[in-house]
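Report on the structure
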Amino acid sequence: MRLLPILVSAFCLSLPASAEVVKEGWSGEGSFSASNSTGNTETTDLGVGLHMTYKNGRWISVIDAQADYGETDGDETENRSYLAGTLDYQLADRLFAFGKTSYERDEFSGFESRLFVGGGLGWKIFDTDALTWSVRGGPGFKIDETRASIEDGVIVEEAETVESLSVIGNSQFDYAFNDNVSLSNATSILYAEESTQFSNTIALTAALTNSLSGRLSYEWRHDTEPPEGYENTDTTTRVSIVYKFGG
């Protein structure tokens, strides 16, 4: 998929070039999760995530990345990566416009890769120190590359590339119980005629030091029309160490 590097490069080039300004405007967090079990079943799971935000006047740029890998008894059982870039422009106190592109690969789903490019408008329902809640939505374009479905060594459904107009909707809710404990809930709907994706991630974060936190999260992903032979729903539970940086 040659389009992804072009989109990511264009997004990065749109950010300010001054090193000093970028340093002052950047904030974010990196996370790492790992687990290992032995006995009748040997299981290894690793996960890394990155969330970065750059604020410059009315502009807000966000980069999100996540990668998960797992093995059971030496066989690969999970291999998923996700990358997204979002650019917001504040139109009024609560109203903003946005553009977004995202790319996903999952070796154990019915889709080889999924690419989305779109934009629209958003609204900040709450925007206080303790509580923030924003919603956004708009049209876009989606490209799904499906895997071939194989039964008993026979291909029953060929791999294909499906291009479709789509509509995206997101909700981001964050609440700080106090200076050390916070709750977040992110919900996303990506509608298209061929298939519709739903996802929800809820996370509880507790500060350990000024920079380090512990996090427990649960992610639910659902596809209405996966290729034949694949499940509709995937879930991931993570226990992570989070390092925060910047503002």
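Being a predicted model, the structure only gives us computed values, none of them experimental. (Residues numbered from 1 in each chain as written. Predicted model: local features only at pLDDT ≥ 70, side-chain atom pairs only at ≥ 80, totals over all residues. Heavy atoms only, no water.)

Remarks on the overall build of the protein chain
Short version of the rule: Helix numbering and strand numbering both begin at the N terminus, where a helix is a DSSP run of H or I of at least 4 residues and a strand a DSSP run of E of at least 2. Partly exposed residues are those whose accessible area sits between 20% and 50% of the maximum for their type, while under 20% is buried and over 50% is exposed, using a 1.4 Å probe and protein chains only. In this description, contact between two residues means that some pair of their heavy atoms is separated by no more than 4.5 Å. Per-residue accessibility takes into account occlusion by the displayed protein chains alone, with areas from the Shrake-Rupley method and a 1.4 Å probe.
Scanning the protein chain from N- to C-terminus turns up 2 helices and 14 strands. In the protein chain, which comprises 247 residues, the proportion classed as buried is 34%. Long-range pairs, those at least 24 residues apart, make up 49% of the contacts in the protein chain between residues at least 6 apart in sequence. Looking at the protein chain as shown, the accessible area adds up to about 14300 Å², and 55% of this sits on carbon and sulfur atoms.

Let's talk about unusual backbone geometry
A negative phi angle is the norm for most residues apart from glycine, just as the trans form is the norm for most peptide bonds. At D73, a residue that is not glycine, the phi angle is positive and equals roughly 55°. In this fold, D73 is placed in the loop between strand 3 (59-72) and strand 4 (75-90).

Focus on the packing of aromatic side chains
Inclusion rule: Stacked, edge-to-face and tilted are the three classes for Phe, Tyr and Trp ring pairs, Trp counted by its six-membered ring, which pair at centre distances within 6.5 Å; planes under 30 degrees apart are stacked, over 60 edge-to-face, the rest tilted. When the NZ atom of lysine or the CZ atom of arginine is within 6 Å of a ring's centre and also within 35 degrees of its normal, the charge is said to sit over that ring.
A full pass over the atoms with the stated rule returns 5 aromatic pairs. Each ring, one from W59 and one from Y89, has its centre 4.7 Å from the other, and the planes form 55°; the classification is tilted. Here W59 is found in strand 3, whereas its partner Y89 is found in strand 4, with 30 residues between them in sequence. For Y89, a relative accessible area of 29% translates into the label partly exposed. Through a chain of ring-to-ring contacts, the aromatic side chains of F126, W133 and F173 assemble into a single cluster. The lysine or arginine in question, R114, covers the ring of F111, its NZ or CZ lying 3.6 Å from the ring centre. Over the ring of F98 we find R136; its NZ or CZ atom is 5.0 Å from the centre of that ring.

Points about the environment of A97
Tracing the backbone through its elements, the reader meets A97 in strand 5 (residues 95-106). In this structure the C-alpha to C-alpha distance between A97 and G137, which are 40 residues apart in sequence, comes to 9.5 Å. Apart from the residues lying within four places of it in its own chain, the contact partners of A97 are L87, D88, Y89, L91, G120 and L121.

Overview of the pattern of salt bridges
Let me state the cut-off plainly: Every case where a carboxyl oxygen of Asp or Glu lies within 4 Å of a side-chain nitrogen of Lys or Arg is listed as a salt bridge.
Inspection of the entire model under this criterion finds 12 salt bridges. R114 is the salt-bridge partner of D223, the closest N and O atoms lying 2.6 Å from each other. Of this pair, D223 sits in strand 13 (residues 212-223) while R114 sits in strand 6 (residues 111-127); the two residues are 109 residues apart in sequence, bridging distant segments of the chain. Close ionic contact of K124 with D127 constitutes a salt bridge, the shortest N to O distance being 3.9 Å. The exposure class assigned to D127 is partly exposed, which follows from its relative accessible area of 48%. Members of the salt-bridge network, linked through shared partners, are D68, E219, R221 and R238.

Quick notes on the confidence of the model for the protein chain
Heads up, the rule is: Looking at any residue, its pLDDT shows the predictor's confidence there, from 0 to 100.
In the predicted model, the protein chain carries a mean pLDDT of 87, and 87% of its residues have values of at least 70. The low-confidence segment residues 1-23 (pLDDT under 50) makes 24 contacts with residues lying over four places distant or belonging to another chain.

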